[in-house]
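A look at the structure
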Amino acid sequence: MQDIKDALIKRLSLFTPEYPVYDEAVEQGMKQPCFFVLRIEGGQNREINRRYRRLNSFDVHYFPHKDAAAPREECELMAERLYSELEYVTGAEGGYRGIGMRDEIVDGVLHFFIQYNYHVVRTKATDVKMQTMKQGGGIK
């Protein structure tokens, strides 16, 4: 999960290097415009045998310029960019494809929702093997 979050932050930093990206709650000293990445939900579904599907939902907040003449329009333009820029992200453990993308503007802040899913294969537990066996037989 942390690999996806790091990949998402890295991708945001690459396509908008002039905007800071925060991943924890910043109460003071937040410079606008900026991004804030929040993991909002996670889950796991069992599939066949030892395979599981992990579900990770994120909310990427975009705070526009404080003195913007039209903050809603700025948020709408950024939402258009995020749809194409965040579809594919690459982390240390591989690439991830974003699905279920949608956006919402609340109180002049863009909320961009995206979900990254991946498969996990659990290792098979080693079975305890029999150490020795004595077998006897005879004919009557």
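See the structure shown above.
Residues numbered from 1 in each chain as written. Predicted model: local features only at pLDDT ≥ 70, side-chain atom pairs only at ≥ 80, totals over all residues. Heavy atoms only, no water.

Topic: the nonpolar core
Formally: Nonpolar cores are built from buried Ala, Val, Leu, Ile, Met, Phe, Trp, Tyr and Cys residues. Side-chain atoms within 4.5 Å join them into one set. Buried, partly exposed and exposed residues are distinguished by accessible area as a fraction of the type maximum, computed with a 1.4 Å probe on protein chains only: under 20%, between the cut-offs, and over 50%, respectively. Secondary structure is summarised from DSSP: a helix means a run of H or I of at least four residues, a strand means a run of E of at least two, and numbering begins at the N terminus for each. Note on definitions: a residue-residue contact is assigned when non-hydrogen atoms from the two residues lie within 4.5 Å.
Leu12, Phe35, Leu82, Leu86 and Tyr116 are the most contacted members of the largest nonpolar core, which totals 28 residues. Of all the secondary-structure elements, those providing two or more residues to this core are helix H1 (2-15), strand S2 (34-46), strand S3 (51-63), helix H2 (71-85), strand S5 (94-106) and strand S6 (109-121). Leaving out residues up to four positions away in the same chain, Leu86 has contacts with Leu8, Arg11, Leu12, Val60, Gly98, Phe112, Ile114 and Tyr116. In terms of nonpolar packing, the next biggest core, distinct from the first, is built from five residues, Tyr22, Cys34, Phe36 and Val109 among them.

Examining the state of the cysteines
Filter applied, for reference: Note that a disulfide, as used here, is simply two cysteine sulfur atoms within 2.5 Å.
Under the definition given, this model contains zero disulfides. Cys34 takes part in no disulfide bond, and the closest cysteine sulfur, belonging to Cys75, lies 11 Å away. Residue Cys34 is classed as buried on the basis of its relative accessible area, which comes to 0%.

As for the pairing of strand S4 (residues 88-91)
What counts here: We call two strands paired when DSSP finds no fewer than two bridges between them.
A one-sided burial pattern is seen for S4, the buried positions being Val89 and Gly91 and the unburied ones Tyr88 and Thr90. Between S4 and S5, which pair antiparallel one after the other, the connecting turn spans two residues.

Regarding the packing of aromatic side chains
Threshold: Any two rings among Phe, Tyr and Trp, with Trp reduced to its six-membered ring, count as a pair given centres within 6.5 Å; such a pair is stacked if its planes are under 30 degrees apart, edge-to-face if over 60, and tilted if neither.
Under the definition given, this model contains seven aromatic pairs. For the pair Phe15 and Phe35, a centre-to-centre distance of 6.3 Å together with 50° between the ring planes defines the contact as tilted. Here the residue Phe15 occupies a position in helix H1, and Phe35 occupies one in strand S2, the gap between them amounting to 20 residues. Here the two residues Phe15 and Phe35 agree in accessibility, since each one is buried. Plain terms: the ring middles of Tyr96 and Tyr118 are 6.1 Å apart, the flat faces sit at 65° to each other, and that makes the pair edge-to-face. Of this pair, Tyr96 sits in strand S5 while Tyr118 sits in strand S6, and the two are 22 residues apart along the sequence. Classification of Tyr118 by relative accessible area gives buried; the value is 18%. Site record: aromatic cluster; members linked through ring pairs are Phe15, Tyr19, Phe35 and Tyr62.

The analysis is restricted to geometry; functional conclusions fall outside its scope.
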